[in-house]
Amino acid sequence: MAEEGRRTGRDESEEERADRMWGELIQEVRVAQTGVQILFGFLLTVVFQQRYATLAHADRVIYVVTVVLGASATGALIGPVSLHRLVSGRRVKPRAVRIASWLTFVGLLLLLTTMTSALLLILRVATHGSEVTWLVAGVVAWYLVCWYALPLWIRRRHTIHPDAVAAPPRREAGRGGDGDRTGG
């Protein structure tokens, strides 16, 4: 509860909030981990294919960079699980949640770069065309919209600030009901 008994959202202690946020974070990490692990597993097999020996030097460099990015993304996205296991019961959950959240964000950025690099390599080998740059740029733009622009827009547009929750909406003279609240 906030000052003067006004409710500002969930009525939970810092520890309860950390528990809830931890559960939500782990669900998010499960989704990302699955994707990065499948992609990384696929990447590890490429070097053992006969065609790998025929790749141009630039494509081999892109492949190595992609594998390193995939390994880094895997590490960052598995990091929260290890963090939880090693600090569980040490009364540091709120801090651990913040660090795990940061690791997850870094892991998603690394996953974005891994997928970009993998797409670049695959399209270069598959098409040998000049449209590869545009195709990769288009897909990356789509990732950026889905993963960052849309969530940030929703966050900005629909976040209820504590000051707004504390004061009930004013009724305008001559209007019935709640009034028309269309502001941001």
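Just above sits the structure.
Described in the following lines is the structure provided in the data block. (Residues numbered from 1 in each chain as written. Predicted model: local features only at pLDDT ≥ 70, side-chain atom pairs only at ≥ 80, totals over all residues. Heavy atoms only, no water.)

## Considering the packing of aromatic side chains
Working definition: an aromatic ring pair is given by the centre-to-centre distance plus the angle between the planes. Under the counting rule described, the total for this entry stands at three aromatic pairs. Their ring planes at 65° and their centres at 5.3 Å tell us that tyrosine 52 and tyrosine 63 sit as a pair that is edge-to-face. Of this pair, tyrosine 52 sits in the loop between helix H1 (14–46) and helix H2 (57–87) while tyrosine 63 sits in helix H2; the two residues are eleven residues apart in sequence, bridging distant segments of the chain. The residues tyrosine 52 and tyrosine 63 share a single accessibility class, namely buried. Measuring from ring centre to ring centre gives 5.9 Å for phenylalanine 105 and tyrosine 148, while their planes differ by 80°; the resulting arrangement is edge-to-face. Here the residue phenylalanine 105 occupies a position in helix H3 (residues 93–127), and tyrosine 148 occupies one in helix H4 (residues 132–158), the gap between them amounting to 43 residues. (Phe/Tyr/Trp six-rings, centres within 6.5 Å; stacked < 30°, edge-to-face > 60°. Helix = DSSP H or I, 4+ residues; strand = E, 2+ residues; numbered from the N terminus. Buried < 20%, exposed > 50% of the residue type's maximum accessible area, 1.4 Å probe, protein only.)

## Observations concerning unusual backbone geometry
In the Ramachandran plot, arginine 91 falls in the positive-phi region, its phi being about 60° despite a non-glycine side chain. By the secondary structure assignment, arginine 91 is in the loop between H2 and H3. Relative accessible area serves as the criterion here: at 80%, arginine 91 is assigned to the exposed category. The backbone of histidine 128 shows a phi angle near 55°, a positive value even though the residue is not glycine.

## Concerning H3
Given a rise of 1.5 Å per residue, 35 residues ought to cover 51 Å, and the 49 Å separating the end C-alpha atoms of H3 matches this to within 8%. Residue histidine 128 follows H3 closely and has a positive phi angle near 55°. (Expected span 1.5 Å × (residues − 1).)

## Topic: the environment of valine 64
On the secondary structure map, valine 64 appears in helix H2. The exposure class of valine 64 is partly exposed, given its relative accessible area of 46%.

## Some points on the packing of H3 against H4
The relative placement of two packed helices comes down to the angle between their axes together with the axis-to-axis distance. For the pair H3 and H4, the least separation of the axes is 10 Å and the interaxial angle reads 160°. Between H3 and H4, the crossing angle belongs to the class labelled roughly antiparallel. Judged by the twist between their axes, the crossing of H3 over H4 is right-handed. On H4, the residues that touch Phe105, Leu108, Leu109, Leu111, Leu112, Met115, Thr116, Leu119, Leu120, Leu123, Arg124 and Thr127 of H3 are Val132, Leu135, Val136, Val139, Val140, Tyr143, Leu144, Trp147 and Tyr148. (Axes fitted to C-alpha atoms, helices over the stretch in contact; angles between N-to-C directions. Parallel < 35°, antiparallel > 145°, perpendicular 65-115°, else oblique. Left-handed = near helix turned anticlockwise from the far one by under 90°. Contact = heavy atoms within 4.5 Å.)

## Some points on H4
With 27 residues, H4 extends 37 Å between its outermost C-alpha atoms, agreeing within 8% with the 39 Å of an ideal straight helix rising 1.5 Å per residue. Buried within H4 are the following residues: Val132, Val136, Val140, Tyr143 and Tyr148. Close packing links the buried residues of H4 with H3.

## Re the layout of surface pockets
If you add up the space inside the largest pocket, you get close to 1200 Å³. Lining the largest pocket we find 28 residues, and of these Met21, Glu24, Glu28, Ser101 and Arg155 sit closest to its centre. At the level of elements, H1, H3 and H4 are the ones that each hand at least two residues to the lining of the largest pocket. (1 Å grid on protein atoms, 1.4 Å probe; cavity = no way out; pocket = protein on both sides within 12 Å on 5 of 7 lines; lining within 4 Å. Points joined across faces, edges and corners; volume = space filled by probe spheres on them.)

## Regarding the side chain of threonine 114
The topology assignment puts threonine 114 in helix H3. According to the relative accessible area criterion, threonine 114 is buried, its value standing at 0%. Of note is the side chain of threonine 114, whose polar atom sits 3.2 Å from the backbone nitrogen of glycine 70. With sequence-adjacent residues up to four places away left out, threonine 114 is seen in contact with Leu39, Leu43, Thr66, Leu69, Gly70 and Ala73. (Polar contact = N/O pair within 3.5 Å; in protein donor to acceptor, adjacent residues only side chain to side chain.)

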